[in-house]
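Chain by chain, the residues:
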Amino acid sequence: MSREEKQKLGNQVLEMFDHAYGNYMEHAYPADELMPLTCRGRVRGQEPSRGDVDDALGKFSLTLIDSLDTLVVLNKTKEFEDAVRKVLRDVNLDNDVVVSVFETNIRVLGGLLGGHSLAIMLKEKGECMQWYNDELLQMAKQLGYKLLPAFNTTSGLPYPRINLKFGIRKPEARTGTETDTCTACAGTLILEFAALSRFTGATIFEEYARKALDFLWEKRQRSSNLVGVTINIHTGDWVRKDSGVGAGIDSYYEYLLKAYVLLGDDSFLERFNTHYDAIMRYISQPPLLLDVHIHKPMLNARTWMDALLAFFPGLQVLKGDIRPAIETHEMLYQVIKKHNFLPEAFTTDFRVHWAQHPLRPEFAESTYFLYKATGDPYYLEVGKTLIENLNKYARVPCGFAAMKDVRTGSHEDRMDSFFLAEMFKYLYLLFADKEDIIFDIEDYIFTTEAHLLPLWLSTTNQSISKKNTTSEYIELDDSNFDWTCPNTQILFPNDPLYAQSIREPLKNVVDKSCPRGIIRVREESFRSGAKPPLRARDFMATNPEHLEILKKMGVSLIHLKDGRVQLVQHAIQAASSIDAEDGLRFMQEMIELSSQQQKEQQLPPRAVQIVSHPFFGRVVLTAGPAQFGLDLSKHKETRGFVASSKPYNGCSELTNPEAVMGKIALIQRGQCMFAEKARNIQNAGAIGGIVIDAETESEEQPFSENDSQHQSADQTAGSQEADLVDQGPPGESALNSPPESLSPAAADSAASAPPPEQSPGPAPAGAHGPASLDGECTDLDNQPQEQSETEEDSSPNASWGKKGQPIDFILADWNEDIEAFDMMEKGEL
């Protein structure tokens, strides 16, 4: 690759960083992270909880702090100076919020220390930051003291979470009851805590981090020299006894080797070498890295790998073991070429296990280190592929969005701080020449979050005993294990052909195990934004052509007794492997639609009130809300006479449009989707619709499922006038409407709910999981002609509209509805 092309790609990385960082500062700051799809900041407590993922957010402008040293690496010193001023002015570390000790350490403490390291470097150069007086270091020290209470355990292992304001185990802290933590969570502290001690002279931080590492080392499984994923912080018992180099353990190994490099303590290298020997003996199955049981290391613990292990080739380069690094990296690259990104987890035959990809930087990190080690321009081409895929598939107007599913290309509304802290740093360094960087990168070591700590810390404030005395070190017979940092020029030749000879046997490893099949023009056009054969939102169960397409894709339609429709895909039943992929995309879209709708805010209940003679508003029938059209909560009511549609099911063009013109149409549930019924009665001139259930449903049925009217159609048909009303707060009920207002409502007063489609809940993820579709009571005006349906109503018709029900039964049923409505007015229901 020519110097001009490398420079062009480096400039492209700078532009991508500006796009991500600029949108964060414009749309999200001072929030912790940017939500790139909705162009707003993610503030903890104001967005739906994402579980443990949110533990990284502490209302401390996470992305800004995590990006500080990236700005300097990318030669944006003016922006760096502005960012430091903003951090000092705006960031508060005393928030009443429970955060992850691990994430806060590597992202915030590491970010502050990395920023401080480069701030003092710039100040010494005399070009900028002349006003700086260790303010970031003082913030880091304040945060370090806030994290120390987490180490108040008998083992010395920290609690996994801490309240920044109240610490641990106080009632107001809302944390401190946990018993387990991951090995990486407890073992990824030494670099930041030791650097804080060396910078400030306060030895307590390094002492606590060393104690945690000492305990983990003592608790390793002695026969295999492996550690488990999860450990009890009080007893030291292993909770999860599987072992690998991915999630839960990864950075524990990384910090043992890097602690030796940064601090010069031989004991850390001894421990790393012991673990590394076990990893290569049991976990490494070139080119795979598979988890095993710590007590039975010859037995695999699972048949899939997670994306976090992509850091390991880079660590192997630092170790000096180049061959397995090249092999594993090449295998990962083949997976990326198949799926555009590295899935969160993939099987040993390279199929997707977990389809998400939150723009993780570990593969870019290993690519950078392999290029540094080999000088092979092949790795520049790998970096170019990463840039192209990010711009093609992840770039959105407000930043870069994580991939919700690498198979369908769907996005998730998140852009994690590590994307700016690591991805752009490694990609820029990959293409930059030495003169492109304003300082010598070799004088620093990267933390697991790619923050830069100066190597001169090894000779500063050395008050901690260097030699580990917890156990005897067993000398290993391996000539690669040396007492100094690996010298790449000696350990392996800086010759592109060397790396190529190792990669060559692996270049088809993924296609052999998981063939891509014939690439069609249609598949390529889908990847570039065109529609697949059938989109979930366009699907209609009454369309024979759609049903034929489903059959071809291996998707079967099952009608349930309760009126719902279930979709199930069996790839083996598809006409071809390509059709099976199309079916998978369709099912994934359907599941995504269902999941999105469940997260939407619950709509207010609906009611049908009969206001004409002889009822005069005293009869109120409960109803489920429609999922399209106008919002009744804003348009109070739709008033008009009712008329039965013909055909009664409303599934085809009405034959009596003159009867329903300007009226509320009565439609029987069943045989087609609600949106289809709504279109037909709207085309006939109706101002609203009431879908009448075919069968009386049990009281346990959810309200939102059209358990609406259990009365006879004759009681609401003909000359009766009905209101479709929103059951709002007490005092705003339509019961207050005057009974003499009998004229039909104008079309612009009609109403219904805004979401375009509805489904009862998310279907189980996976190709064979059913996507359940359900129906609801409708009410409409100005119904969109292009409606997105994910529901179908297929209840059998029958008993609801039968005459001959005893009048006492009907009145008793009405009285129940009136009583319920009165209770709702009083706030009792």
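Note: the structure precedes this text.
What you are looking at is a predicted structure, and each value in this text was computed from that prediction instead of being measured.

### Some remarks on empty space enclosed by the protein
By the definition in use, this model includes five cavities of 30 Å³ or more. Quantified by volume, the largest cavity comes out at close to 150 Å³. Forming the walls of the largest cavity are 15 residues, and the residues nearest its centre are I336, H357, R360, F363 and L386.

### Side note on helix α14 (residues 362-374)
With 13 residues, α14 should cover 18 Å at 1.5 Å per step; its first-to-last C-alpha distance of 18 Å lies within 8% of that length. Counted residue by residue, α14 has 12 buried out of 13 residues, so it is predominantly covered. Within α14, burial applies to E362, F363, A364, E365, S366, T367, Y368, F369, L370, Y371, A373 and T374. Just beyond α14, the residue with positive phi is G375, at close to 65°.

### A closer look at the sheet that holds strand β6 (residues 230-232)
Taking strand neighbours across the sheet as the criterion, the three strands line up as β5-β6-β7 in an open arrangement whose pairing is antiparallel. Each having just a single partner strand, β5 (180-182) and β7 (238-240) make up the two edges of the open sheet. Direction aside, neighbouring strands of the sheet carry axes that sit 35° apart on average. Direction of pairing for β6 relative to β7: antiparallel, over a ladder of two bridges. From the neighbouring strand, I231 faces β7, where its bridge partner is W238.

### Looking at the environment of Y29
With respect to the helices and strands, the residue Y29 is situated in the loop between α1 (3-28) and β1 (33-35). Linking Y29 and S61, residues 32 residues apart in sequence, is a C-alpha distance of 6.7 Å. Among residues more than four places away in sequence, those in contact with Y29 are Y24, S61, L64, K86 and D90.

### As for the sheet that holds strand β13 (residues 345-347)
Taking strand neighbours across the sheet as the criterion, the three strands line up as β12-β13-β14 in an open arrangement whose pairing is antiparallel. The two strands at the open ends of the sheet, each matched to only one other strand, are β12 (304-306) and β14 (352-354). Recorded for the sheet is a direction-independent mean angle of 30° between the axes of neighbouring strands. Here three bridges tie β12 to β13, and the two strands are oriented antiparallel to one another.

### Focus: the packing of helix α12 (residues 312-319) against α14
Close contact between α12 and α14 brings their axes to 7 Å; oriented N to C, the two are set at 30°. By the criterion of interaxial angle, the relationship of α12 to α14 is roughly parallel. Between α12 and α14 lies a crossing of left-handed hand. Judged by residue contacts, F312, P313, G314 and V317 of α12 engage S366, F369, L370 and A373 from α14. Within the contact of α12 with α14, the residues separate by chemical class into six nonpolar, two polar and no charged.

### Some remarks on the state of the cysteines
Per the counting criterion, the structure on display carries two disulfides. Disulfide partner of C39: C398, at an S-S distance of 1.9 Å. Since a negative S-S torsion denotes a left-handed disulfide, the C39-C398 link at about 100° is right-handed. One end of the pair, C39, is in the loop between β1 and β2 (40-42); the other, C398, is in the loop between β15 (395-396) and β16 (399-400), and 359 residues separate them in sequence. You can call C39 partly exposed: its relative accessible area is 28%.

### What about the pattern of salt bridges?
Within the structure shown, the criterion is met by 39 salt bridges. A salt bridge links D18 to K76, with the shortest nitrogen-to-oxygen separation between them at 2.9 Å. One end of the pair, D18, is in helix α1; the other, K76, is in the loop between α3 (68-73) and α4 (77-90), and 58 residues separate them in sequence. Classification of D18 as partly exposed rests on a relative accessible area of 38%. For K76, a relative accessible area of 12% translates into the label buried. In this structure, a network of salt bridges that share partners links the residues E33, R50, D54, E103 and R107.

### Some words on unusual backbone geometry
Each neighbour pair has its own omega, and for Y29 with P30 the value is 10°, a cis peptide bond. Relative to the elements of secondary structure, P30 occurs in the loop between α1 and β1. Located in the positive-phi region is L359, a residue other than glycine, with phi close to 60°. Residue L359 is classed as buried on the basis of its relative accessible area, which comes to 0%. With a phi angle near 65°, A450 is a residue other than glycine that sits in the positive phi range.

### Quick notes on the packing of aromatic side chains
The description of an aromatic ring pair rests on the distance of the ring centres and on the angle between the ring planes. Scanning the model with the defined rule gives 28 aromatic pairs in all. When the centroid spacing of 6.3 Å and the interplanar angle of 80° are considered together, the rings of Y24 and Y29 count as edge-to-face. Classification of Y29 as buried rests on a relative accessible area of 17%. For the pair W304 and W354, a centre-to-centre distance of 4.8 Å together with 50° between the ring planes defines the contact as tilted. With W304 in strand β12 and W354 in strand β14, this residue pair connects regions lying 50 residues apart in the sequence. An aromatic cluster is defined as three or more aromatic residues linked by ring pairs; in this entry it consists of F17, Y21, F400, F419 and F424. Above the ring of W131, the side-chain terminus of R85 is found at 4.2 Å from the ring centroid. One cation-aromatic arrangement involves R503 over Y379; the distance from NZ or CZ to the ring centre is 5.3 Å.

So, how was this worked out
- Residues numbered from 1 in each chain as written.
- Predicted model: local features only at pLDDT ≥ 70, side-chain atom pairs only at ≥ 80, totals over all residues.
- Heavy atoms only, no water.
- 1 Å grid on protein atoms, 1.4 Å probe; cavity = no way out; pocket = protein on both sides within 12 Å on 5 of 7 lines; lining within 4 Å.
- Points joined across faces, edges and corners; volume = space filled by probe spheres on them.
- Helix = DSSP H or I, 4+ residues; strand = E, 2+ residues; numbered from the N terminus.
- Expected span 1.5 Å × (residues − 1).
- Buried < 20%, exposed > 50% of the residue type's maximum accessible area, 1.4 Å probe, protein only.
- Pairing = 2+ DSSP bridges.
- Axes fitted to C-alpha atoms, helices over the stretch in contact; angles between N-to-C directions.
- Contact = heavy atoms within 4.5 Å.
- Parallel < 35°, antiparallel > 145°, perpendicular 65-115°, else oblique.
- Left-handed = near helix turned anticlockwise from the far one by under 90°.
- Nonpolar A, V, L, I, M, F, W, Y, C, P; charged D, E, K, R; others polar.
- Disulfide = S-S within 2.5 Å.
- Salt bridge = Lys/Arg side-chain N within 4 Å of Asp/Glu carboxyl O.
- Phe/Tyr/Trp six-rings, centres within 6.5 Å; stacked < 30°, edge-to-face > 60°.
- Lys NZ or Arg CZ within 6 Å of the ring centre and 35° of its normal.

Read these as layout, nothing more, since geometry by itself doesn't imply function.
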